[in-house]
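# Coordinate inspection notes
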Amino acid sequence: MKGKAMQGEPRETEMDALVEAAQGSAPEQARNDVSKNVVPYNFSSSGQISKDQLRVISMLNDMFARNLTHNLAAWLRTRFQVHLVSAEQVVFNEFLLRIPEISYVCSVRMEPLGALSVLQLDLALVPPMVDLLLGGEGREGPLRELTDIEEAILASVVEMVCRELTAAWQPVGLSFNLERRQMQTQAARIMSVNEKTLCLSFEMRMPHGSGLLNLAFPAVVANTILRRLTSDWGRRTRHSPETRARMEATSKNIRLGCVLQLPAVRLPAKSIEALEPGKILSLDLSSRTLGEWRVGGQHMGTAYAVRQGSRRAARLGGETTEDDG
C-alpha cells in the first residue's frame, strides 16, 4: 500500500497519500494537501432530515394544523390556533427528557406498519377545554393529574388529532389510531431509548391557555414516510377512497360537447362555389358509411343517425366503415 502507485491508478495514489500522511512518512507539503480534504465524520449526523424533506414535512403538517384548528375551534366554540413549531430528528431518550413531569402521554398505532408512536400533550390545555365544554368561559386551572371525566374528554381530543393526522398523512398511506394512555415509565418501553425518532412539535393556543402537542415517530416509520414524501409529493396527490368516490360521482354529471358527423371528404372548389338553397351536394361516400362520434373533439367510435321518439339519437356501430363502391 505504501509503494508507489502505478500510472493510471489515481485512487491508489490518493490512498497511498492518506496512509503516508497518517503515518508521518509523507513530506510536510503532502500532509498539508491531504489534511485540507479530510473532514472528521460525525456519526450522530447520519440520517438527518434534508432541507427538501423538511420542506415537504412542513407542508403536510401545516395542512394538519389548519384542519385541526378549524375542527377544534368548532367543537369548543372558541378561538383556537395550532401551528407547527419544529420538525427534527432526535434520539428517543432526548424526546422523553422534554416531557414535563405532569403531562398526558399516549401511544398511537400506525397502520399498516403496526408500529407505535408517542403523543404528548401539555395538561395546561385541559382546564380551559373542560370549562368550555361544561358551559364556562374556558378559564385556566391548576396543573394537576386528570380526573376520569377529564381524561375521557381529553381522549376525545386525541382521537380528533388522530383523525386529522390520518387525513393529512394520506399521501403516505398511514392511519393513526389511539391505543391507550401511558405513564411516563411505560412510554420509555415503547421504543429503544437510543432510537432516532422524527419529532414534530405543535403549539396550541386558546384565549385562556396554551401548550404543546409533541409527536415522536420511530425510525422505521420516519424513514418510510420520508422516502414516500420525497418521491411522491409534488408529482401526484392521493385522495381518500371517500373523496375519490365523491369526485367520480360528481364528474359523471359533467356535460361534454358531442357531435355525430360524416367522415371528412374532399370537394372541388366549383361545387362549393355553386352551392345554393335546395341544391344536392354529392359526397364521395357510400350511403352505408357510418358517422363519426366525437366527444370533446376526440374520436370515440362510429354510430348510425337514428330517431328516438321526437329526438335525434345515435346508435353506436363498429369502428370500420363499409364502402360498396
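Counting from 1, residues in each chain are numbered in the order their sequence is written. Whole-chain, interface and lining totals are the exception, using all residues; otherwise, since this is a predicted model, local features are given only for residues with pLDDT of at least 70 and side-chain atom pairs are given and counted only at 80 or more. With hydrogens and water excluded, all non-hydrogen atoms of the structure serve as input to the side-chain values.

## A closer look at the overall build of the chain
In this description a helix means any DSSP run of H or I spanning at least four residues, a strand means any run of E spanning at least two, and both kinds are numbered starting from the N terminus. Within the chain, the regular secondary structure consists of 10 helices and 10 strands. Relative accessibility thresholds used throughout: buried, under 20% of the residue-type maximum; exposed, over 50%; partly exposed, between the two (1.4 Å probe, protein chains only). Looking at the 325 residues of the chain, the share that counts as buried comes to 34%. Contacts spanning at least 24 positions in sequence make up 62% of the contacts within the chain whose residues lie at least 6 apart. Using a 1.4 Å probe, accessible areas were evaluated by the Shrake-Rupley method; residue-level cover was limited to the displayed protein chains. Accessible area of the chain: about 20900 Å², with a carbon and sulfur share of 51%. Note on contacts: a residue pair is in contact if any heavy atoms of the two residues lie within 4.5 Å.

## Things to note about the packing of helix α5 (residues 126–133) against helix α6 (residues 148–168)
Each axis is a line fitted through C-alpha atoms, taken for helices only over the stretch in contact, and angles between the N-to-C directions span 0 to 180 degrees. Running from N to C, α5 and α6 point in directions that differ by 95°, and their axes come no closer than 10 Å. As summarised for this structure, α5 and α6 are arranged roughly perpendicular, according to the angle between their axes. In this structure, α5 uses Val-126, Met-129, Val-130 and Leu-133 to contact α6, whose residues at the interface are Glu-150, Ile-153, Leu-154 and Val-157. Only Asp, Glu, Lys and Arg are considered charged, only Ala, Val, Leu, Ile, Met, Phe, Trp, Tyr, Cys and Pro nonpolar, and every remaining residue, Gly among them, polar. Of the residues belonging to the contact of α5 with α6, the class tally is 7 nonpolar, no polar and 1 charged. Here the word oblique covers every angle except those under 35 degrees (roughly parallel), over 145 (roughly antiparallel) and from 65 to 115 (roughly perpendicular).

## Overview of the packing of aromatic side chains
Only Phe, Tyr and Trp rings are paired, with Trp represented by its six-membered ring, and only when their centres lie within 6.5 Å; those with planes under 30 degrees apart are stacked, over 60 edge-to-face, the remainder tilted. According to the stated counting rule, one finds 4 aromatic pairs in the structure shown. Between Phe-92 and Phe-95 the ring centres are 6.0 Å apart and the planes differ by 15°, which places this aromatic pair in the stacked class. You can see Phe-92 and its partner Phe-95 sitting in helix α4 (residues 92–98), 3 residues apart, about one turn around the helix. For Phe-92, a relative accessible area of 0% translates into the label buried. Assessed through its relative accessible area of 2%, Phe-95 is described here as buried. Taking 6.1 Å as the distance between ring centres and 70° as the angle between the ring planes, the aromatic pair formed by Phe-176 and Phe-217 counts as edge-to-face. Placement of the pair is Phe-176 in strand β4 (residues 175–181) and Phe-217 in strand β6 (residues 209–217), with a sequence separation of 41 residues.

## Looking at a nonpolar patch on the surface
Together, Leu-262, Val-265, Ile-272, Leu-275, Leu-281 and Leu-283 make up a nonpolar patch on the protein surface, roughly 460 Å² of accessible area in all. Turning to its location among the elements, Val-265 is positioned in the loop between β7 (258–261) and α10 (269–273). The exposure class assigned to Val-265 is partly exposed, which follows from its relative accessible area of 32%. Exposure above 30% relative accessible area and the lack of any salt bridge qualify a residue for a patch; like charges then connect within 9 Å, and the nonpolar side chains Val, Leu, Ile, Met, Phe, Trp and Tyr within 5 Å. We count a salt bridge whenever a side-chain nitrogen from Lys or Arg sits within 4 Å of a carboxyl oxygen from Asp or Glu.

## Digging into the sheet that holds strand β8 (residues 291–295)
Any two strands between which DSSP finds at least two bridges are classified as paired. The sheet built from 4 strands is open, its strands ordered β7-β8-β9-β10 with antiparallel pairing. Each end of this open sheet is capped by a strand with a single partner; those strands are β7 and β10 (311–316). Along the sheet, successive strands turn relative to each other by an average axial angle of 40°, direction set aside. Strand direction decides the pairing type here: β8 and strand β9 (residues 298–308), joined by 5 bridges, are antiparallel. The residue bridging Arg-294 from the neighbouring strand is His-299, located in β9.

## Considerations on the nonpolar core
Buried Ala, Val, Leu, Ile, Met, Phe, Trp, Tyr and Cys residues that are joined via side-chain atoms within 4.5 Å together make up what is termed a nonpolar core. With 49 residues, the main nonpolar core has Phe-80, Tyr-104, Phe-176, Leu-200, Phe-202 and Met-204 as its most contacted residues. Of all the elements in the fold, those that place two or more residues in this core are α3 (51–76), β1 (81–91), β2 (103–111), β3 (115–122), α5, α6, β5 (196–206) and β6. The dominant element in this core, judged by the number of residues it contributes, is α6, at 10 residues. In this view, Tyr-104 contacts Leu-119, Gln-120, Leu-121, Leu-123, Leu-146, Glu-151, Leu-154, Ala-155, Val-158 and Arg-181; residues no more than four positions away in its chain are not counted. Counting 12 residues, the second-largest nonpolar core is a separate cluster that includes Leu-96, Val-105, Val-118 and Ala-216.

## Some thoughts on the sheet that holds β2
What the 6 strands build is an open sheet, ordered β1-β5-β6-β3-β2-β4; its pairing is antiparallel. Each edge of the open sheet carries a strand with a single partner, namely β1 and β4. For this sheet the average axis-to-axis angle between neighbouring strands, irrespective of direction, equals 25°. Here β2 runs beside β4; their pairing, made up of 6 bridges, is antiparallel. By the bridge assignment, Cys-106 is partnered in β4 with Arg-181.

## Considerations on the confidence of the model for the chain
Looking at the chain, pLDDT values average 77 and 75% of them are 70 or higher. The score called pLDDT rates the predictor's confidence residue by residue, from a low of 0 to a high of 100. When the criterion is pLDDT under 50, residues 41–47 qualifies, and its contacts beyond four places in sequence or with other chains add up to 4 contacts. Across residues 320–325, confidence stays below pLDDT 50; counting only partners more than four residues off in sequence or on other chains, it has 9 contacts.

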